[in-house]
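Residues per chain, in single letters:
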Amino acid sequence: QVQLVESGGGLVQPGGSLRLSCAASGSIFRIYAMGWYRQGPQKQRVLVATITSSGTTNYADSVKGRFTISRDNAKNTVNLQMDSLKPEDTAVYYCNADIEMVTGHREYDYWGQGTQVTVSS
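Residues numbered from 1 in each chain as written. Predicted model: local features only at pLDDT ≥ 70, side-chain atom pairs only at ≥ 80, totals over all residues. Heavy atoms only, no water.

Draft legend 1. Seen up close, the pattern of salt bridges. Going through the model one piece at a time under the given rule, you end up with four salt bridges. Two residues, Lys 64 and Asp 61, come together in a salt bridge whose shortest N-O distance is 3.1 Å. Looking at Asp 61, the relative accessible area reads 65%, which means it is exposed. Each of the salt bridges in this network shares a partner with another, and the network as a whole consists of Arg 38, Arg 66 and Asp 89. (Salt bridge = Lys/Arg side-chain N within 4 Å of Asp/Glu carboxyl O. Buried < 20%, exposed > 50% of the residue type's maximum accessible area, 1.4 Å probe, protein only.)

Draft legend 2. Representation of the side chain of Thr 77 within the structure. Mapped onto the elements, Thr 77 comes out in strand β8 (residues 77-82). Not counting residues within four places of it along the chain, the set of residues in contact with Thr 77 comprises Cys 22, Ala 23, Met 34, Ser 70, Arg 71 and Asp 72. (Helix = DSSP H or I, 4+ residues; strand = E, 2+ residues; numbered from the N terminus. Contact = heavy atoms within 4.5 Å.)

Draft legend 3. Region of interest: unusual backbone geometry. The backbone of Gln 42 shows a phi angle near 60 degrees, a positive value even though the residue is not glycine. Its location among the elements puts Gln 42 in the loop between β4 (28-39) and β5 (45-51). Of note, Asn 76 is a non-glycine position whose phi angle comes to about 55 degrees, a positive value. Tracing the backbone shows Asn 76 in the loop between β7 (67-72) and β8.

Draft legend 4. Region of interest: the sheet that holds β7. Overall, antiparallel pairing links the four strands, which are arranged β1-β3-β8-β7 in an open sheet. Strands with a single pairing partner mark the edges of an open sheet, and in this sheet they are β1 (2-7) and β7. Averaged over all pairs of adjacent strands, the angle between strand axes in this sheet comes to 15 degrees, irrespective of strand direction. The pairing of strand β3 (residues 18-26) with β8 spans six bridges and is antiparallel. Of the residues in β8, the one forming a bridge with Leu 18 is Met 82. (Pairing = 2+ DSSP bridges. Axes fitted to C-alpha atoms, helices over the stretch in contact; angles between N-to-C directions.)

That's the geometry; what it means functionally is another story.
What follows is the structure, given as structure tokens:
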């Protein structure tokens, strides 16, 4: 069993900052890519940012220069620093990970439960 637990969402004013964290736990052998996705009201879930185990990052164009993804491989965590937030960043943010368990089973899409981010004055 593997769990991804997010934290750090909330309400922030435009121009403000938030930091999301996600911790993976369970019978984990190795974590490959980790990432963050978001789903706005009546919208599909879309990629925000990803990071490989070696630290290579990828960002959606809409967040480049404002969001920073990072991870701690020793702690099985991934973070998303969100600066200069805009109302259009309002969404439920989901943590995602590609994980190989100690049994050898690999699941490419583990998901967290999501955390709400609301950007509003």
